[in-house]
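Structural overview for review
Residue strings, one per chain:
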Amino acid sequence: MKKIISVVGARPNFMKMAPVHRAFQKYKSEYQHLICHTGQHYDEKMSKIFFEDLELPHPDFYLGVGSGSHAQQTARVMIEFEKILIEQQPECVIVYGDVNSTIACAMTAVKLGIKVAHVEAGLRSFDRTMPEEINRILTDSISDFLFVTEQSGIDNLKNEGVVTDKVFFVGNTMIDSLIYYQIKANQSNAHTTYELNSGDLVLATLHRPHNVDTTEQLEKIVSLLNSISEKAKILFPIHPRTRKNLEAAKLISTFKKNIIITEPIGYINFLSLMQKSKLIITDSGGIQEETTYLGIQCITARDNTERPSTVEIGTNQLVGTNWEDVGNAALSVLSGNFKQGSIPPLWDGHAAERIVEMLDERL
Ligand code: UD1
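Report on the accompanying structure.

Reading guide: rules and limits
Residues numbered from 1 in each chain as written. Predicted model: local features only at pLDDT ≥ 70, side-chain atom pairs only at ≥ 80, totals over all residues. Heavy atoms only, no water. Pairing = 2+ DSSP bridges. Helix = DSSP H or I, 4+ residues; strand = E, 2+ residues; numbered from the N terminus. Contact = heavy atoms within 4.5 Å. Axes fitted to C-alpha atoms, helices over the stretch in contact; angles between N-to-C directions. Phe/Tyr/Trp six-rings, centres within 6.5 Å; stacked < 30°, edge-to-face > 60°. Buried < 20%, exposed > 50% of the residue type's maximum accessible area, 1.4 Å probe, protein only.

1. Digging into the sheet that holds strand β7 (residues 167–169)
- The strand order β3-β2-β1-β4-β5-β6-β7 describes an open sheet built from seven strands, whose pairing is parallel. Because the sheet does not close on itself, it has two edges, and the strands there are β3 (61–62) and β7.
- In terms of strand pairing, strand β1 (residues 2–8) meets strand β2 (residues 31–37) through seven bridges, oriented parallel. Residue Ser6 lies in a different strand from β2, and its bridge partner there is Ile35.
- Sitting on the sheet, helix α16 (residues 351–362) touches β2, β4 (92–96), β5 (115–121), β6 (145–148) and β7, and the angle it makes with β6 is about 160°.

2. Observations regarding unusual backbone geometry
- The phi dihedral of Glu55 falls on the positive side, at around 55°, and the residue is not glycine.
- One can find Glu55 in the loop between α2 (44–53) and β3.
- Phi is positive for Lys250, close to 55°, though the residue is something other than glycine.
- Here Lys250 lies in the loop between α11 (240–248) and β10 (259–262).

3. Some words on the packing of aromatic side chains
- Evaluated as defined, the whole model comprises eight aromatic pairs.
- Between Tyr180 and Tyr181, the aromatic rings sit 4.9 Å apart at their centres with planes inclined by 80°, giving edge-to-face as the arrangement.
- Classification of Tyr180 as partly exposed rests on a relative accessible area of 42%.
- By relative accessible area, Tyr181 is classed as buried at 1%.
- Relative to Phe255, the ring of Phe236 lies with its centre 5.8 Å away and its plane at 70°, an arrangement referred to as edge-to-face. Here the residue Phe236 occupies a position in strand β9 (residues 233–237), and Phe255 occupies one in the loop between α11 and β10, the gap between them amounting to 19 residues.
- Taking relative accessible area as the criterion, Phe236 reaches 1% and is therefore assigned buried.

Here is the structure:
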């Protein structure tokens, strides 16, 4: 039996991996697909709830690396993952997205002569101050199989001189999860839980260091959300990084009444809330894609995006990090100026099956 190890570490990895795990179980009984969780994210609300919502089994390996500086986190993952690889000798390691666990495990596997597949390859923000951009470039440059979600990924890899027979345009496994769990999300009562049954809802998620690591930026965010909350109810699930910084800056109690602050929300409830929102203000990568699929208005508070198809084809508006501009864009959407969008090619719920087929032909 051929052994494959998928590595996940941080929240956005889990929904990208779940459909790949399911596809191996369903179609490829000759493979043993094992899951390694590095423990980069460890809070129950950042990790465990996702395994439950996505119906994933307990990880076969848990590295428990936790938080730390980039070097500490990456190094700890490498040291622990190397032990697993030496013991397990898998045929291939699959890594997802652009978090520190992604590059750490890709690098460890490649140096042991184990093949690496990168799901969500080729995305580029062209902003090397973002740790994720470094992780993407490095992971792509050492992977054997590059599974791409959108046209820009193919173009970027081509421009970097990557040989085309490593590159596979398969679609988006994050959207596979969204499609698969939409029925369950429709049954969620998250809307009632947060008492959101009347009026327009704006969902906000912000966690990028650039936005939330300085008091100056945080003050601007609070003031922006307070002003938007005069027009609509806001639900703001707070990432641990953001919460820690808001608390340190003594800003957590300065949000107005129409803003509901919560812990991070699990996958199914968040999906349900996204579908019922009029607008989402975010600096996340994945939410830009999910809103594009759902046709929900998205304002991205970043200066660049590695997911240009969500702007070119989808409902995403890349507004930048001038919070006055973000506020104006939000008020424009709330007054009915919607951006029309459509769904990018191959975001059809079958990306994971394509990945598994292609790996099977080549391993
Ligand atoms: C990481 C990813 C980012 C992704 C994000 C999604 C990298 C470089 N960054 O950023 O690309 O968009 O995950 O959430 O890999 N913390 C907790 N509990 C947890 C996890 C984190 O309290 O379960 C706190 C810790 O104080 C930690 C901080 O959040 O120091 C940041 O966590 P970390 O994993 O370093 O990066 P994220 O900001 O979550």
